[in-house]
Amino acid sequence: DVKVTQSSRYLVKRTGEKVFLECVQDMDHENMFWYRQDPGLGLRLIYFSYDVKMKEKGDIPEGYSVSREKKERFSLILESASTNQTSMYLCASRDLSSSYEQYFGPGTRLTVT
Amino acid sequence: AQSVTQLDSQVPVFEEAPVELRCNYSSSVSVYLFWYVQYPNQGLQLLLKYLSGSTLVKGINGFEAEFNKSQTSFHLRKPSVHISDTAEYFCAVRSDTGRRALTFGSGTRLQVQP
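Calculation criteria
- Residue positions are given per chain, counting from 1 as you read along its sequence in written order.
- Chains carry letters and ligands carry numbers; both start at the beginning, A for chains and 1 for ligands, and go up in the order they are written.
- Predicted model: local features are reported for residues with pLDDT of at least 70 only, side-chain atom pairs are reported and counted for 80 or more only, and whole-chain, interface and lining totals are derived from all residues.
- Remark: hydrogens and water are excluded; side-chain values derive from all non-hydrogen atoms of the structure.
- Under the DSSP-based scheme used, a helix requires at least four consecutive residues in state H or I and a strand at least two consecutive residues in state E, with every element numbered from the N terminus.
- Whether a residue is buried, partly exposed or exposed follows from its accessible area with a 1.4 Å probe, protein chains only, as a fraction of its type maximum: under 20%, in between, or over 50%, in that order.
- The contact rule is simple, with two residues in contact once any of their heavy atoms fall within 4.5 Å.
- Under the convention used here, a 1.4 Å probe and the Shrake-Rupley method define accessible areas, while residue burial counts only the protein chains that appear.
- Salt bridges are defined as contacts in which a side-chain nitrogen from Lys or Arg sits within 4 Å of a carboxyl oxygen from Asp or Glu.
- In protein, a polar contact requires one atom able to donate a hydrogen and another able to accept it; more generally it is a pair of N or O atoms within 3.5 Å, and residues adjacent in sequence count only if both atoms are side-chain atoms.
- Ten residue types, Ala, Val, Leu, Ile, Met, Phe, Trp, Tyr, Cys and Pro, are classed as nonpolar, four, Asp, Glu, Lys and Arg, as charged, and the remainder, Gly among them, as polar.
- Any two cysteine sulfur atoms lying within 2.5 Å of each other are counted as a disulfide.
- What makes two strands pair is DSSP finding at least two bridges between them.
- Helix axes are fitted to C-alpha atoms over the stretch in contact, other axes to C-alpha atoms as well, and angles between N-to-C directions run from 0 to 180 degrees.
- Side-chain rings of Phe, Tyr and Trp, where Trp is taken by its six-membered ring, are said to pair if the distance between their centres is within 6.5 Å; with planes under 30 degrees apart they count as stacked, over 60 as edge-to-face, and otherwise as tilted.

Student: Explain the overall build of chain A here, please?
Tutor: Along the backbone of chain A there are 0 helices and 11 strands. For chain A, the succession of helices and strands along the chain, N to C, is β-β-β-β-β-β-β-β-β-β-β. Out of the 113 residues belonging to chain A, those deemed buried represent 49%. Counting only contacts in chain A whose residues sit at least 6 apart along the sequence, the fraction spanning at least 24 positions is 56%. A total accessible area of about 5,400 Å² is found for chain A, and carbon and sulfur atoms account for 49% of it.

And the structure:
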């Protein structure tokens with residue numbers, strides 16, 4: 001089974017802090033994604049990476065950056081956390097040979113106070 | 001650009017009753033369609049997908065969906081729901097050109113009551 005893990009299930013940070021959310025997949029997938037989930041808005045794409053060191057902005061990249069130095073790991077960085085970044089963050093990965101199906105991690109619920 | 005509309009934010013239903021969760025999409029090109037389920041405090045899990053071929057797609061846990069190109073719809077159905085089906089359901093679309101990520105709808109919360 002494909003496994004996507006995220007470093008924390010719950011995280012509480014203060015406004016202005018730099019925050020790192022880590023995601024690791026164990027299936028050698030080329031593509032990885034970061035989404036943000038908010039009630040009534042569904043999932044919105046923040047960034048995705050189609051290969052090591054390659055990235056593209058999604059729909060809501062402002063206030064976020066990403067890093068992919070190794071194929072299995074994709075990090076989301078909040079340079080200076082703000083209260084409007086309080087949300088559930090979901091990581092996903094996809095194998096190029098699969099039928100576009102994405103495999104999701106359990107999510108990190110981030111609260112910025 | 002593609003988009004997905006889930007017409008119902010919440011659907012309450014009694015146990016053993018049938019249910020339909022509606023999903024409409026807009027895209028100018030051929031699409032691939034998905035339904036995901038999210039149980040409380042968990043990530044998303046794939047229920048079923050339509051890529052091509054038969055328009056009636058069967059998934060896990062007794063769910064099925066029908067792709068209707070003329071109506072641009074991909075509604076999810078189950079003939080008899082269980083308490084354990086209580087969850088949030090997301091419809092998603094990907095076109096065969098351009099953007100590689102999925103576009104998700106806003107979700108439908110299915111609440112199965114005894």
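Student: Help me out: how do you make sense of the interface of chain A and chain B in this one?
Tutor: It is common to report an interface's size as the accessible area lost on association of the parts. Of the residues lining the interface, 23 residues belong to chain A; the matching set on chain B comes to 21 residues. Among the ionic pairs, A:Glu101 bridges to B:Lys49, the shortest N-O distance being 3.5 Å. Joining chain A to chain B, the criterion identifies 3 residue pairs in polar contact (both at pLDDT 80 or more). Those elements that provide at least two residues to the side of chain A that touches chain B are β4 (31-38), β5 (42-51) and β9 (87-94) of chain A. Of the residues forming the side of chain A that touches chain B, the biggest block, 5 residues, is contributed by β5(A). Residue composition of the side of chain A that touches chain B, grouped by class: 12 nonpolar, 6 polar and 5 charged.

Student: How should the state of the cysteines be read in this particular structure?
Tutor: The bond known as a disulfide is covalent and runs between the sulfur atoms of two cysteines. Residue and element names in this part refer to chain A. Following the criterion strictly, the structure yields 2 disulfides over all chains and no others. With its sulfur 1.9 Å from that of its partner, Cys23 forms a disulfide with Cys91. One disulfide, between Cys23 and Cys91, carries an S-S torsion of -80° and so falls in the left-handed class. In this pair, Cys23 sits in strand β3 (residues 19-25) while Cys91 sits in strand β9, placing the two residues 68 residues apart along the sequence.

Student: Honestly, the sheet that holds strand β8 (residues 73-78) of chain A in this entry has me stumped. Any pointers?
Tutor: Within a beta sheet, neighbouring strands are joined by backbone hydrogen bonds and run either parallel or antiparallel to one another. Residues and elements named next belong to chain A. In spatial order, the strands read β1-β3-β8-β7; together these 4 strands make up an open sheet with antiparallel pairing. At either end of the open sheet lies a strand with only one pairing partner, and these are β1 (4-6) and β7 (64-70). Looking at each pair of strands side by side, their axes are set apart by 20° on average, direction ignored. Of the pairings in the sheet, the one linking β7 to β8 comprises 5 bridges and is antiparallel in character. Residue Tyr64 lies in a different strand from β8, and its bridge partner there is Leu78.

Student: It is not clear to me how the packing of aromatic side chains should be interpreted in this structure. Could you clarify?
Tutor: For any pair of aromatic rings, the description rests on two quantities: the centre-to-centre distance and the angle between the ring planes. Across all of its chains, the model carries 13 aromatic pairs over all chains by this definition. Each ring, one from A:Phe33 and one from A:Tyr35, has its centre 6.2 Å from the other, and the planes form 25°; the classification is stacked. Grouping aromatic residues by their ring pairs yields a cluster made of A:Phe33, A:Tyr35, A:Phe48, A:Tyr50, A:Phe104, B:Phe34, B:Tyr36 and B:Phe104.

Student: Would you take a moment to explain the side chain of A:Arg36 for this structure?
Tutor: All names here are of chain A. Looking at the secondary structure, you find Arg36 in strand β4. What makes Arg36 buried here is its relative accessible area of 10%. There is a polar contact of 3.3 Å between the side chain of Arg36 and the side chain of Ser87. Each residue touching Arg36, except ones within four places of it in the same chain, is listed here: Gly42, Leu43, Arg44, Ile46, Ile60, Tyr64, Asn84, Gln85, Thr86, Ser87, Met88 and Tyr89.

Interpretation note: all reported values are geometric properties and have no functional meaning in isolation.
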